[in-house]
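Geometric and topological summary
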Amino acid sequence: GEGAMFLLMNRNKLGMTLNPMKDEGREIVRKLVATADVVVANLPFETLQAMGLDLGSLRAVKEDIILTTVSAFGSEGPYSSRVGFDGIAQVMCGSVYLGGYPGQPVKSEAPWVDFGTASLSAFATLAALIERGKSGRGQMVEGALLRTALTFHNAMLVEQALTGKDREAIGNRGYNGGPSDIFKTKDGWIICQVIGEPLFKRWADLMGEDSWLSDPRFETDDARGDHGEIISERMGAWCAERSTAEALAALEAARIPAGPLYTPQQALDDPHIQETGFLQPVDFPGTSRPAPLAQTPVKLSETPGEIRRRAPLLGEHTDQILAELGYGEDEIGALREK
């Protein structure tokens, strides 16, 4: 019954069941906090207080603790008490409106707001740890889904504020450059992204369109973006006459960025992805085959991250953790009974 995201997010973790709303649960939380550098709690602020997981309660146990939290909208502003998920932030930052087609907005399937918020929160938590090493002070680190989405999509918001362009959705085309689109080949699809004068010259040479280099419609990236439909039509005709492999080989020879559009299975089968071993097979109880889990995506030369253990089953390590906190078998049995 575990989801694929659970297997990915919870590798290397121990799992216990606990009710922090009960007195006995609160006591266990206090004992855990006393051993911790950081508490990560993905809960609304009011719930943190009710569970004794707010910064004040945690500091009463360990003065220099760092509390890292994530919410949908942050603790300030009129939406602070609202709940939300990745998709809510995607649509509210303007990305989905511009990412689809006229009359049909399209949300990203990849939860980039969730992962972006997690990554930024981890970055800020490390900064808080460095500060604690200097000053001895802990603090609260607060991530918010909408803030992440607004940050990642900030360039388009800046353009809107300064120029009032009121851009409309243009599918897979790029607003600043061209060709920048997804094109159909004889046997599949590819993406090609041309940005900057040197790349556009190489592309025009490949297409046999040298006259376009002096055409005012294509003299800058912005101009090429504004006339991207014409450029995409030319590139689309070129791709339609070639297989995916032929198109990619020609573009690679011209040093023009391009790549194949993959199904999830094709991504798993790609020889580069296979050879790097980045997706590590990890067994999990009840699965018919190992799950291909992404390793740490950023490499460290001296202290590389690694997958040391699979994700836990629900409550798999409850007894182990309680024993490490000093609870005896009879006490653990009594807690379980209650």
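Each remark here, short or long, concerns the structure printed above.
Let me begin by describing the structure that accompanies this report. (Residues numbered from 1 in each chain as written. Predicted model: local features only at pLDDT ≥ 70, side-chain atom pairs only at ≥ 80, totals over all residues. Heavy atoms only, no water.)

With 20 residues, the main nonpolar core has Trp203 and Met235 as its most contacted residues. The set of elements that each furnish at least two residues to this core consists of strand E5 (189–193), helix H10 (197–207), helix H12 (228–240) and helix H13 (244–253). If you tally residues by element for this core, the top one is H10, at five residues. Setting aside anything within four residues of it in sequence, one finds Trp203 in contact with Pro179, Val194, Trp212, Ile231, Arg234, Met235 and Ile256. Membership of the second largest hydrophobic core comes to 12 residues, among which are Val39, Met51, Leu55 and Leu67. (Core = buried A, V, L, I, M, F, W, Y, C linked by side-chain atoms within 4.5 Å. Buried < 20%, exposed > 50% of the residue type's maximum accessible area, 1.4 Å probe, protein only. Helix = DSSP H or I, 4+ residues; strand = E, 2+ residues; numbered from the N terminus. Contact = heavy atoms within 4.5 Å.)

In total, this model carries six aromatic pairs according to the counting rule given. Ring centres 5.6 Å apart and planes at 70° place the aromatic pair Phe73 and Tyr79 in the edge-to-face group. Judged by centre distance (5.9 Å) and plane angle (15°), the rings of Trp112 and Phe152 are stacked. Of this pair, Trp112 sits in helix H7 (residues 112–135) while Phe152 sits in helix H8 (residues 145–152), and the two are 40 residues apart along the sequence. On the accessibility criterion, Trp112 (22% relative accessible area) is partly exposed. (Phe/Tyr/Trp six-rings, centres within 6.5 Å; stacked < 30°, edge-to-face > 60°.)

Strand order across the open sheet formed by three strands is E4-E5-E6, with antiparallel pairing between neighbours. Bordering the open sheet on either side are strand E4 (180–184) and strand E6 (258–260), each of which pairs with just one other strand. Between one strand axis and the next, the sheet turns through 20° on average, direction left out of account. With five bridges connecting them, E4 and E5 associate as antiparallel partners. (Pairing = 2+ DSSP bridges. Axes fitted to C-alpha atoms, helices over the stretch in contact; angles between N-to-C directions.)

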